[in-house]
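Structure assessment
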Number of protein chains: 4
Amino acid sequence: MSTPNEQRRSERSRRAILDAALELCRERGLAKMTVEEIAKRAGVGKQTIYRWWGSKAAVLQEALNERVNSTIDFPYTGDLRADLHTQMSRVAEAFGSEEFAPYTGLIAAAQEDPEVAASLREHMIEPRVRACEERLRRGQEEGQIRKDFDIDTLVEILYGPLYYRLLLHTRPPSLKQVSEILDIAFSGLSPDPGRPEAGKPDPDKPEYGRAGGADGA
Amino acid sequence: MSTPNEQRRSERSRRAILDAALELCRERGLAKMTVEEIAKRAGVGKQTIYRWWGSKAAVLQEALNERVNSTIDFPYTGDLRADLHTQMSRVAEAFGSEEFAPYTGLIAAAQEDPEVAASLREHMIEPRVRACEERLRRGQEEGQIRKDFDIDTLVEILYGPLYYRLLLHTRPPSLKQVSEILDIAFSGLSPDPGRPEAGKPDPDKPEYGRAGGADGA
Amino acid sequence: MSTPNEQRRSERSRRAILDAALELCRERGLAKMTVEEIAKRAGVGKQTIYRWWGSKAAVLQEALNERVNSTIDFPYTGDLRADLHTQMSRVAEAFGSEEFAPYTGLIAAAQEDPEVAASLREHMIEPRVRACEERLRRGQEEGQIRKDFDIDTLVEILYGPLYYRLLLHTRPPSLKQVSEILDIAFSGLSPDPGRPEAGKPDPDKPEYGRAGGADGA
Amino acid sequence: MSTPNEQRRSERSRRAILDAALELCRERGLAKMTVEEIAKRAGVGKQTIYRWWGSKAAVLQEALNERVNSTIDFPYTGDLRADLHTQMSRVAEAFGSEEFAPYTGLIAAAQEDPEVAASLREHMIEPRVRACEERLRRGQEEGQIRKDFDIDTLVEILYGPLYYRLLLHTRPPSLKQVSEILDIAFSGLSPDPGRPEAGKPDPDKPEYGRAGGADGA
DNA sequence: TTGTAATCGAGACGGTACGTCCGGTCTTTGT
DNA sequence: ACAAAGACCGGACGTACCGTCTCGATTACAA
């Protein structure tokens, strides 16, 4: 079976479907949108969707791919820490934006559907991870960071906290968080007697255990 | 309106429902199980589920709560880093286990349902975060780590990478990852000329960019 | 099994149930009312209804019994045809009234439930048929009608047309119909050259075949 | 809104639904059959039933329509009374048959649903009433019956007694009843001194008031 | 007068069916 | 020859009632 003749495919329908899918996903989220709605809004038969995609998640995946290819590239100014700050800030900002619902929806779908998970990894995660790794490796070669750490794990340490906030909805990822991540990552936790003992209050910080109900839904 | 008379509630049915829900979730995941199935397997009317819970996610949430309350507590041996290693290893192991599907299912559901998100935070995340924070604060007071970092962000740096692997399905969380996280977090990335430049191979590490499609689900 | 102790029965509840049932039946018909509604409106537990009656139809049956016992009796003036006219007019009027829905509802229920049918016959039909038969027999003995017809069939000829209109909803039973029934029944259809050929217009008469759709529902 | 595109309708499904409905109605009656059963037996989605009919009664109505169109026609031999006897006997026989449950079920449903009532009248009652009226009018013109009676009322007098037995379940309509109806209707009740005073026993006749339980459900 | 036993209001329970919605497939129609 | 349109089967949704089953709290009888 597999896919029909790619050549006869209607680009017009493809575009309308991707646009409608993205639109709907932003309106009510991946789980609450239906293939039927996409079809209706795109002015397309349902079969046309099922012919070319396996699920609404696959449609959304393709729709997202097109819009975000630009954000892959990593800056290079020579200062690794500054470049990381630039890039991570961009990510934190994106994660905090309302427009980002489709991405979290996709990650949610990936939890229950290995195909989505694979596609997500391949198209969204890995290219960005690779870009980050390359920048890190270059910095390493330039002696800006130590060489005895695993680059992959390092990427996870830098971006994991952003995903943590994004997906557990504790508080929105923020620029402040990015700075703190870099602070800790670069300086390390081990005590350094020569350093000042800063105790600045933190507006990001939720206060677990006090008036807990307020941070609901 | 709200809930009916709690006193007349049948504990027998409640148990059967929670058990059935957990069982089904492990069999096919939260998204693919239905309220009807839970009811049938529990030998219960659907209305009995709808009477006491708002959704299948809420049932699962309650079912999970009961089983994991024991894992909150943090060890205290006096050595903060060792205690973190102990606890994070436990988490990494749990995250890797097959039995953990219900938890990721719940996180997925939280992406599209604020009520689930709130409940997840309140019952699963916050108690553990609090426990970790307390341990960290104690270590801080004992001078084992620096005092000028935000504790919340620190928690995110430690656990974020585990969630990253759990939810993005790049590779399973592992004990090795835990060690590396602690290495980086404690030592910091900044170069230290006195240290050896270890280059040990890493079995966890996927090789992005080579035969990338092969690691798909 | 059967019924519980009749002596301890609460007359208060019995009354409230019968009243509520009749009220509800008039509001929305037997089929669309529920035991739950009766119980709620009567301020009574559902069990109290199920304890004493087998179905909502049985409740309604009993409720109706109480209200209509007065209409059984047949007048006796000496003029059979006049007495029939009096009684049948009363019936036609009752059948036409809006308050009569419970009765048709009961007949409807009887079509699918033999118990209701038996109860209906026993409590509502037979006593009235017997009364009518007695009056007819007396008239027969007095020589006011011929003796060579079956009394039962005669009753059916007199009242059947009223039930016909009541149950098939072609047009409401009317006094005019009663007069015509008696005319035909007493005179007979066979031509009598000596009689006048009346051709009075009939306001009751629907005109089948012309603009038929207009008389719908 | 209303009905979808009639042209795309599947005749296959329509047939299966009507057949299943009639079958089920004969098995357990209109009230005790469910839309779900019809769907299952017809191998059809429930939605396909709800798409084209408003209720199970509507389905049954359409199913019955197709089977009974043949019985409308009235015989014409020149002898009105004989023709009436022929036709009414056919009806009496049909009313007595077990296969007739769907019809009584429909009449029952009509008591609580004006749409069913209208449909019943339009499709089942009126065509037959019209056919009978025409035959009667012709007989009237031929001088076989008097001209000073209302034809509609006459139809009710002839058929009302059959419906009476059918719906009140006193005793089954019978050929004997038909003969007696015609006897009374044609001869009239008024005494005729020249006639014999027949007193033949009647097997149809129930004996109200004696051992009444025997005719119970 | 006080137990004792049954009925009572209340309503949770295991179920059945409702009528709606959507997922995926199959058929018809128009271009 | 495509696709659009959309009807189709299947089956889960959440709701409404069914008739049964506890629960105390009356209530009426017997002791």
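Under an unreviewed UniProt entry, chain A has the name TetR family transcriptional regulator and belongs to Actinomadura litoris.

What follows deals with the protein's contact with DNA strand E. What surrounds DNA strand E is a group of 37 residues, the closest being K46(A), P4(C), T48(C), R8(D) and Y50(D). For DNA strand E, the backbone makes up 67% of the atoms found within 4 Å of the protein, where backbone means sugar plus phosphate. One of the side-chain N or O atoms of R51(B) is found 3.0 Å from a phosphate oxygen in DNA strand E. Contacts to DNA strand E include N5(C), whose backbone N or O atom sits 3.0 Å from a phosphate oxygen.

What follows is about the interface of chain D and chain C. Accessible area lost during the coming together of the parts is what is often quoted as the interface size. On the side of chain C, 73 residues touch chain D, which itself brings 71 residues to the contact. Between R171(C) and E156(D) there is a salt bridge; the shortest N-O distance is 3.0 Å. Joining chain D to chain C, the criterion identifies 30 residue pairs in polar contact (both at pLDDT 80 or more). The set of elements that each furnish at least two residues to the side of chain D that touches chain C consists of helix 6 (101-110), helix 7 (114-141), helix 8 (151-168) and helix 9 (175-187) of chain D. Residue contributions to the side of chain D that touches chain C peak at 14 residues, all from helix 8 of chain D. Within the side of chain D that touches chain C, the residues separate by chemical class into 31 nonpolar, 16 polar and 24 charged.

Here the focus is helix 7 (residues 114-141) of chain A. Owing to its 3.6 residues per turn, the α-helix brings residues three or four apart onto one side. Residue and element names in this part refer to chain A. I125 marks the point of greatest bend in helix 7, at about 40 degrees, and the proline P127 comes within the next four residues. Residue D113 occupies the N-cap position of helix 7, its side-chain oxygen lying 2.9 Å from the main-chain nitrogen of E115. Note on helix 7: the residue one or two positions beyond its end, G143, has a positive phi of about 75 degrees.

Facing the 73 residues of chain A at the interface are 72 residues of chain B. Counting each side, the surface lost to burial between chain A and chain B is near 6,700 Å², with a carbon and sulfur contribution of 59%. At the boundary of chain A with chain B, the tally comes to four salt bridges. Our count for the contact surface shared by chain A and chain B stands at 22 residue pairs in polar contact (both at pLDDT 80 or more). Put simply, the parts of the chain that give the side of chain A that touches chain B at least two residues each are helix 6 (101-112), helix 7, helix 8 (151-168) and helix 9 (175-187) of chain A. Per-element tally for the side of chain A that touches chain B: the top contributor is helix 8 of chain A, with 14 residues. In terms of residue class, the side of chain A that touches chain B is made up of 32 nonpolar, 16 polar and 25 charged.

What follows concerns unusual backbone geometry. Glycine aside, residues mostly have negative phi, and peptide bonds are mostly found in the trans state. In the Ramachandran plot, H169(A) falls in the positive-phi region, its phi being about 55 degrees despite a non-glycine side chain. Structurally, the position occupied by H169(A) is in the loop between helix 8 and helix 9.

Here the focus is the relation of the copies chain D and chain C. Mapping between the two copies of the chain is achieved by a rotation about an axis and a shift along the axis. The transform that puts chain D on chain C rotates by 179 degrees and translates by 0.0 Å along the axis, for an RMSD of 0.2 Å. Those values place the two copies in the arrangement expected of a two-fold rotation axis. Residue G188(D), judged by its C-alpha, is the member of chain D lying nearest the rotation axis, at 1.7 Å. The residues that chain D uses at the interface reappear at the interface of chain C in 100% of cases, marking a shared surface.

Evaluated as defined, the whole model comprises 82 salt bridges over all chains. Of the charged contacts, one joins E37(A) and R28(A) as a salt bridge, the two residues approaching to 2.3 Å between their closest N and O atoms. A relative accessible area of 25% places E37(A) in the partly exposed class. We classify R28(A) as partly exposed; its relative accessible area is 30%. Salt-bridge contacts for R138(C) lead to E142(C); the nearest nitrogen and oxygen are separated by 3.6 Å.

Let's shift gears to the packing of helix 6 of chain A against helix 7 of chain A. All names here are of chain A. As a packed pair, helix 6 and helix 7 sit with axes 6 Å apart at the nearest point and diverge in direction by 135 degrees. The angle between helix 6 and helix 7 falls in the class oblique. Along this stretch, helix 6 crosses helix 7, giving a crossing that reads as left-handed. Packed against helix 6, whose contacting residues are Y103, L106, I107, A109, A110 and E112, the element helix 7 presents P114, V116, A117, L120, M124 and I125 at the interface. Here the contact of helix 6 with helix 7 is composed, by residue class, of 11 nonpolar, no polar and one charged.

Our next topic: the packing of aromatic side chains. The tally for this structure, following the rule as stated, stands at 24 aromatic pairs over all chains. With a centroid separation of 6.2 Å and an interplanar angle of 40 degrees, the aromatic rings of F95(B) and Y103(B) are classed as tilted. By the burial criterion, F95(B) is buried, and Y103(B) matches it. Here Y164(C) and Y163(D) contribute two aromatic rings whose centre-to-centre distance is 5.4 Å and whose plane-to-plane angle is 80 degrees, an arrangement assigned as edge-to-face. On the criterion of chain membership, the pair formed by Y164(C) in helix 8 (residues 151-168) and Y163(D) in helix 8 is interchain, its members lying in two chains. As far as burial versus exposure is concerned, Y164(C) and Y163(D) are alike and both buried. Just above the ring of Y76(A) sits the side chain of R138(A); from NZ or CZ to the centre is 3.5 Å.

Definitions and limits used
Residues numbered from 1 in each chain as written. Chains lettered and ligands numbered in written order. Predicted model: local features only at pLDDT ≥ 70, side-chain atom pairs only at ≥ 80, totals over all residues. Heavy atoms only, no water. Near = heavy atom within 4 Å. Polar contact = N/O pair within 3.5 Å; in protein donor to acceptor, adjacent residues only side chain to side chain. Contact = heavy atoms within 4.5 Å. Salt bridge = Lys/Arg side-chain N within 4 Å of Asp/Glu carboxyl O. Helix = DSSP H or I, 4+ residues; strand = E, 2+ residues; numbered from the N terminus. Nonpolar A, V, L, I, M, F, W, Y, C, P; charged D, E, K, R; others polar. Bend = angle between axes of the 7 residues up to and from the residue. Buried area = accessible area lost by both parts, 1.4 Å probe. Least-squares fit on C-alpha atoms with pLDDT ≥ 70 in both. Buried < 20%, exposed > 50% of the residue type's maximum accessible area, 1.4 Å probe, protein only. Axes fitted to C-alpha atoms, helices over the stretch in contact; angles between N-to-C directions. Parallel < 35°, antiparallel > 145°, perpendicular 65-115°, else oblique. Left-handed = near helix turned anticlockwise from the far one by under 90°. Phe/Tyr/Trp six-rings, centres within 6.5 Å; stacked < 30°, edge-to-face > 60°. Lys NZ or Arg CZ within 6 Å of the ring centre and 35° of its normal.

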